[in-house]
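Read off the chains here:
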Amino acid sequence: TWHLKKIPQIVSRRTFSLDSPKFEAKPKLELNSVCGIECQRKLPVPSLSDLKDLLSYETVFENGTRALTEVNVLGPVLDPAGNTTTRRSPRKKRQIYGTDSRFSIYDKRFMTNFPFNTAVKISTGCSGVLISPKHVLTAAHCLHNGKDYVKGSKRLRVGLMRTKSRGDGRKRKGGKRNGMPSFQWTRVKSTHIPKGWFKGVSGDVALDYDYAVLELKRPHKRKYMELGISPTIKMMPGSMIHFSGFDNDRSGQLVYRFCSISDESNDLFYQYCDAEPGSTGSGVYLRLKEPNKKKWKRKIIAVFSGHQWVDVNGEQQDYNVAVRITPLKYAQICFWIHGNDETCAQG
């Protein structure tokens, strides 16, 4: 069951202009030198002043200008679950673990209906998920390498799936088969990235803040996926998560997968969901019952960060990693969507 939680408030303190970025970084979908499970266990709990700094955020607008917004954090901020992890045996170094368990979605009845129609393609080569009529959630490193914004992010676009039907005019030579997805591309008005992503990149990369929200220039009319606060592994049916994205090795296809989580920290899920580059930034979701209702509801509880090397027991291991939506991150993303904290009291 989804449990309602009282969440902290993120309040804007002041905003000031920054120099325009160069937009010259190379996109990098696999990160090295990541603060992993053992490293996470040793990290101190951030103070309130640390959280204010980490949750302050940069906004880049479509004309290339940039601003920094400093925030205050009000209300409860500590996660009572603690930095709990479950130790599992190390696995071999690859992105498809054993039998490839991914499903390509071909049938346009599924592809254009919820929840698969919430998956979007980002023009820098990643995936994302619709979380409001005008907002998309994706991974921060799809847009920024920690020092500069990646090439192509100045004129960032989001591709919403549509399927070509037989009546869509003449078929071009070399065109896609009927039922294969094409994309309706929409320009991005602004991009929000938490300051925690920039701070974590000196030395070991901290994936805890590897998320970003894009505001579209025009609203879409599709059903989107609501946000939920990430439960612990024990509170998930079979510890299973689901996500869909546009993996590079299956060009033009929407790829769905589900798997169980192997390990967790306060901010990250470590798992062996089969995934290839291109699915980075996908929305990870659960399907749980609504409180006091018989209805089931899917909600986004994490952002897929991709295939990463992490430090486990002093050795480099590889996992597929997802960034959990904690109460603090829920509050921040909700604030980005609505522009105020009044509608973000519970999640």
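Residues numbered from 1 in each chain as written. Predicted model: local features only at pLDDT ≥ 70, side-chain atom pairs only at ≥ 80, totals over all residues. Heavy atoms only, no water.

- As recorded in an unreviewed UniProt entry, the protein chain goes by the name Inactive serine protease 35, listed as coming from Pampusana beccarii.
- In its Sequence similarities (unreviewed entry) section, UniProt records this for the protein chain: "Belongs to the peptidase S1 family."
- Of the comments in the UniProt record for the protein chain, the one headed Subcellular location (unreviewed entry) reads "Secreted". (UniProt positions renumbered as here; feature names shortened; annotations may be inferred.)

### A short note on the state of the cysteines
Link 1 in the chain: Taken as a whole, this structure holds 1 disulfide when the rule is applied.
Link 2 in the chain: Between the sulfur atoms of Cys 126 and its disulfide partner Cys 142 the distance amounts to 2.1 Å. In this structure the cystine formed by Cys 126 and Cys 142 twists about its S-S bond by roughly -95°; its chirality is therefore left-handed. Residue Cys 126 is found in the loop between β5 (119-122) and β6 (127-130), and its partner Cys 142 is found in the loop between β7 (135-138) and β8 (157-163); the two are separated by 16 residues along the sequence.
Link 3 in the chain: Relative accessible area serves as the criterion here: at 1%, Cys 142 is assigned to the buried category. (Disulfide = S-S within 2.5 Å. Helix = DSSP H or I, 4+ residues; strand = E, 2+ residues; numbered from the N terminus. Buried < 20%, exposed > 50% of the residue type's maximum accessible area, 1.4 Å probe, protein only.)

### Considering the environment of Lys 28
Link 1 in the chain: Position of Lys 28 relative to the elements: it lies in the loop between β1 (9-18) and α1 (37-42).
Link 2 in the chain: With 117 residues separating them in the primary sequence, Lys 28 and Asn 145 have C-alpha atoms 7.3 Å apart.

### Let's talk about the side chain of Thr 138
Link 1 in the chain: Within the secondary structure, Thr 138 is located in strand β7.
Link 2 in the chain: Residue classification places Thr 138 among the buried residues on the basis of a relative accessible area of 0%.
Link 3 in the chain: Engagement of the side chain of Thr 138 in a polar contact is seen with the backbone oxygen of Ser 127, the distance being 2.8 Å.
Link 4 in the chain: Excluding anything up to four places from it in sequence, Thr 138 contacts Ile 122, Cys 126, Ser 127, Gly 128, Leu 143, Asp 210, Tyr 211, Ala 212, Leu 214, Thr 280, Gly 281 and Val 303. (Polar contact = N/O pair within 3.5 Å; in protein donor to acceptor, adjacent residues only side chain to side chain. Contact = heavy atoms within 4.5 Å.)

### Focus on the pattern of salt bridges
Link 1 in the chain: In the structure shown here, the tally under the stated rule is 10 salt bridges.
Link 2 in the chain: Among the ionic pairs, Glu 62 bridges to Arg 187, the shortest N-O distance being 3.9 Å. Highlighted residues: Glu 62 in the loop between β2 (57-61) and β3 (66-74) and Arg 187 in strand β9 (residues 181-194), separated in sequence by 125 residues.
Link 3 in the chain: Asp 267 serves as the salt-bridge partner of Lys 329, at 2.7 Å between the closest nitrogen and oxygen. A residue pair is termed long-range when its members are at least 10 positions apart, and Lys 329 in helix α5 (residues 327-338) and Asp 267 in the loop between β13 (254-264) and β14 (268-271) qualify at 62 residues.
Link 4 in the chain: Note on Lys 329: relative accessible area 2%, which makes it buried.
Link 5 in the chain: Within the structure, one salt-bridge network assembled from shared partners comprises Arg 13, Arg 14 and Glu 70. (Salt bridge = Lys/Arg side-chain N within 4 Å of Asp/Glu carboxyl O.)

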